[in-house]
Amino acid sequence: MKERHQIAVRTLVEYVLRSGDLDMRFAAQGRPLEGIRAHQRIQRQRPDGYQAEVPVSIELSSSDLVLAIGGRIDGVLETERATVVEEIKSTTKDLDQLKRDPNPCHWGQVKVYAYLLAHERNLDGVTVQLTYVHLDSGDILELVESLDRDVLRDFFEDLTQRYLKWATALTRWRHARDQTLMALPFPFARYRAGQRTMAVAVYRAIRDANQALIQASTGIGKTMAALFPALKTIGEGLTDRIFFLTARNTGKTSAIKALNLLEEKGCRLKRVSLTAKDRICFSPEATCNPDGCEYARGHFDRLASAMEAAFEHDNLDRETIEAAARIHKVCPFEFSLELSRWADCIICDYNYAFDPRVYLRRFFDEENGAYTFLIDEAHNLVDRSREMFSAQLQKGDFLELRRKVKGQLPDVYKAAGKINTWMRSAAKATLENGGFQSDRHPPDGIEPLLRIFVRLAERWLAKNQPAPYRELLLERYFETHGFLRVLDRYDDSYVTLHQTKKNDFIVKLFCIDPSRHLKAALKRCRTTVLFSATMTPAHYFQNILGCDSKATKLSIPSPFPRRHLNVFIAGNISTTYAQRAHSIDRIVELIQTFIHSKKGNYLCFFPSYEYMAMAVERIESWSTKFSLIVQEREMDDKGRTCFLNRFSAHNQKTLVGFAVMGGIFGEGIDLMGDRLSGAVIVSVGLPAVCPERNLIRAYFDQNGEGFDFAYRFPGINRVLQAAGRVIRSDKDRGAILLVDRRFCRSDYRLLLPSQWMIRCVNSPHQLKTHLTPFWSSST
């Protein structure tokens, strides 16, 4: 049976007809809601008999495949004289320029639609109409051409024949790929305890087009347990493409490592790892246009040959993409996005699937495949999604812009001034209210001011003229555009915040509950698997991440011997903010006892930099007995690597690292064996009390779980992530000291892993009494 290769009309046309330069000079944002409204307005204005959103499709058979092409025509009007096929495009470009130089892909799209309709209805000819509507002026440009069916057929056949070469190569590749996936063995001699259970759950979720939330302890091999069964479902035709979504580079690295191992076992799989544009760009100082960058100049002319060369590789990681991009002189970032369209597995940040500003529209708007989302370290998605769906503006930013454009751009200057006036008035009212206000309604009166500013900024930016204030205006434009985008989706899951801070004023649209927006985003895929070592309690994550009520919930305990981990609770110490000055000396005594019980490497986690600094200040006086390293507030990749490299199994004396819970060392690091002997975790990890957290609490209090959702559950997940650094394999032995009397309360204790063997200690002497025999038994 021939494979069915499905493609949207737009994708087909763009693949074949795009040519020339990559030009990322300013082009106004799509303003999607305005575009949709303009689109619909034109459709409503058409005469009686006009049909909107008409589906058309065709299937073409070749020796290797069946090419299924389909899409929706914006409008069809049948009259006695002719059948008119209309394609509507909203734009902010100059209409006279479009009349002189219409986009060949737009013409190609309407011609393909016209041929498909002529083929279905056996029409001798069709009138094609390309309609542009200007979003600012409302002006309309109609480009009309009458074409015979034979002309349309010739155009269509030329297009499809040029595409078939690529489609045939893809089809042959997929056939070879599926054979290797069906025969692929699990890459290890045996599954780890719990690993097979997770793999089966992932397979069933994809098979049944279901959602699954899986908590699996550190060390069972979650990445492989997710990827291996997902790859099998590609071979079986149950899923088209896997998106491995992660919050950190460590997650991307783990996925790449797992896929490379599967390749060694015979797996053939095209996988693309997406790297942020600012990190992969070859010419970061140049503007992304043919005048400023040699890789943008003629990019599309060389793209096809670059694609063919890249597809000789299965592992399309950053190094491979950069090498091919340099040889063929194409933009590496845009090249990676194009490669992703044809890849089997895409490894990327959460943003590419969820963030309304940057998600991959080429997959989720233009094409709807049977996608699988594998969401790594899914506990991170809660706060990340709140950030994605929120937006803010700052008064000082508009003041700075006004100073820069004064005397240069009078219209922009005036528009920014009106925004500043609105903010000055709002700031005054906020100060009278103590410096903070919240409102369950959108900010009143600012929206029309922002829309005027955006249009005026667009008008000048579209000229793409150099100016010392250009970058600043561009920043304000995109920031304001993002704010308006959030304003368009504002509902009862949002609250408006007004806050004065450091002589400035901030207005923020804060997403309290991201579940509704995530639920909509999860409809972009057929199957979602969310997994992490810390998804406690499951109902919290199911609720806040917008999962279905029927989603599978699975908790897999640690596979490692319980006796290898000693957990202690210092339950007579309060670490609340008011008690920190009183508790710090006792905590330092416990740390001293803990690290002196055995020479090794230790991590001490604190809930804040300030609290950590109090401990470090006291410990530094006797740090000659051991080495001391401290996490800094701002650490780049090099600093992070240097910090972790200090944790060597061959250190001559004890090493103690101090870090902040929930930070870069609180999760996603792998210090196996003697690289880490134990961890001290001070406090129950609650996020700092702040107005935003209290609003979350008030919102979820309607379900009686406000404090849990705002503070307790996020806090305990930080604790468990930090604790998970200690035991990473069945050979590891280690100890954990939890310092806070709240750990002894049932509402916290029940959230700790049931397999932990916990002892309560009330003094350094008691701690030493238990630690000494534990360590002596492991030597």
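Q: Just give me the short version of the side chain of Thr-83, but keep the residues and values in it.
A: Following the sequence through the fold, Thr-83 ends up in strand 4 (residues 83–91). Given a relative accessible area of 8%, Thr-83 falls into the buried group. Once residues lying within four places of it in the same chain are set aside, the contact partners of Thr-83 are Val-76, Leu-77, Glu-78, Leu-117, Leu-123, Val-126 and Thr-127.

Q: Run through helix 15 (residues 381–388), naming residues and quoting values.
A: The element helix 15 is extensively covered by neighbouring structure, given that six of its eight residues are classed as buried. Listing the buried residues of helix 15 in full gives Leu-381, Val-382, Arg-384, Ser-385, Arg-386 and Met-388.

Q: Mind laying out the sheet that holds strand 13 (residues 391–394), listing which residues take part and the relevant values?
A: Sheet strands associate in pairs through backbone hydrogen bonding, adopting either a parallel or an antiparallel arrangement. The strand order across the open sheet built from four strands is 13-16-15-14, with neighbouring strands paired in antiparallel fashion. Since the sheet does not close on itself, it has two edges, and those belong to strand 13 and strand 14 (436–439), each with one partner. Mean inter-strand twist for the sheet, computed between neighbouring axes without regard to direction, equals 15 degrees. As judged from the four bridges shared by strand 13 and strand 16 (residues 504–511), these two strands associate in the antiparallel manner. Of the residues in strand 16, the one forming a bridge with Ala-391 is Leu-509. Lying on the sheet, helix 19 (residues 470–488) is in contact with strand 13, strand 15 (494–501) and strand 16; it crosses strand 13 at an angle near 135 degrees.

Q: So what's going on with the sheet that holds strand 23 (residues 678–682)? Which residues, and what values?
A: Strand order in the open sheet made by the seven strands is 21-22-20-23-24-19-25, with parallel pairing throughout. The open sheet is flanked by strand 21 (627–630) and strand 25 (758–761), the only strands paired with a single partner. Neighbour to neighbour, the strand axes of the sheet diverge by 20 degrees on average, direction disregarded. Alignment of strand 23 against strand 24 (residues 734–739), held across five bridges, turns out to be parallel.

Q: Describe the pairing of strand 11 (residues 345–349), naming the residues involved and giving the relevant values.
A: Counting buried positions along strand 11 gives four out of five residues, so the element sits mostly inside the fold. For strand 8 (residues 241–246) and strand 11, the ladder comprises five bridges, and the chain directions are parallel. The partner of Thr-246 across the bridge, within strand 11, is Asp-349. Looking at chain direction, strand 9 (residues 271–273) and strand 11 are connected through three bridges and run parallel. Looking at the pairing, Ser-273 lines up with Ile-347 of strand 11.

Q: Report on the pattern of salt bridges, specifying residues and quantitative values.
A: In this structure the tally under the stated criterion is 43 salt bridges. With a shortest N-O distance of 2.9 Å, Asp-314 and Lys-270 are connected by a salt bridge. On the criterion of sequence distance, the pair formed by Asp-314 in the loop between helix 10 (299–310) and strand 10 (315–316) and Lys-270 in the loop between helix 8 (249–264) and strand 9 is long-range, its members being 44 residues apart. No difference in accessibility class separates Asp-314 from Lys-270, as the two residues are buried. The partner of Arg-451 in a salt bridge is Asp-488, and the shortest N-O contact between them spans 3.0 Å. Of this pair, Arg-451 sits in helix 18 (residues 447–461) while Asp-488 is found in helix 19, placing the two residues 37 residues apart along the sequence. Connected through shared salt-bridge partners, Asp-397, Glu-475, Arg-476 and Glu-479 make up one network.

Q: If you had to explain unusual backbone geometry to someone new, which residues and values would you point to?
A: A cis geometry characterises the amide bond from Thr-536 onward to Pro-537, with omega recorded as -10 degrees. The phi torsion at Glu-53 lies on the positive side, around 55 degrees, for a residue other than glycine. Relative to the assigned elements, Glu-53 resides in strand 2 (residues 51–61). Here the phi dihedral of Asn-503 falls at roughly 60 degrees; this positive angle occurs in a residue that is not glycine. As for its placement among the helices and strands, Asn-503 is situated in the loop between strand 15 and strand 16. For Asn-503, a relative accessible area of 88% translates into the label exposed.

Definitions and limits used
- Residues numbered from 1 in each chain as written.
- Predicted model: local features only at pLDDT ≥ 70, side-chain atom pairs only at ≥ 80, totals over all residues.
- Heavy atoms only, no water.
- Helix = DSSP H or I, 4+ residues; strand = E, 2+ residues; numbered from the N terminus.
- Buried < 20%, exposed > 50% of the residue type's maximum accessible area, 1.4 Å probe, protein only.
- Contact = heavy atoms within 4.5 Å.
- Pairing = 2+ DSSP bridges.
- Axes fitted to C-alpha atoms, helices over the stretch in contact; angles between N-to-C directions.
- Salt bridge = Lys/Arg side-chain N within 4 Å of Asp/Glu carboxyl O.

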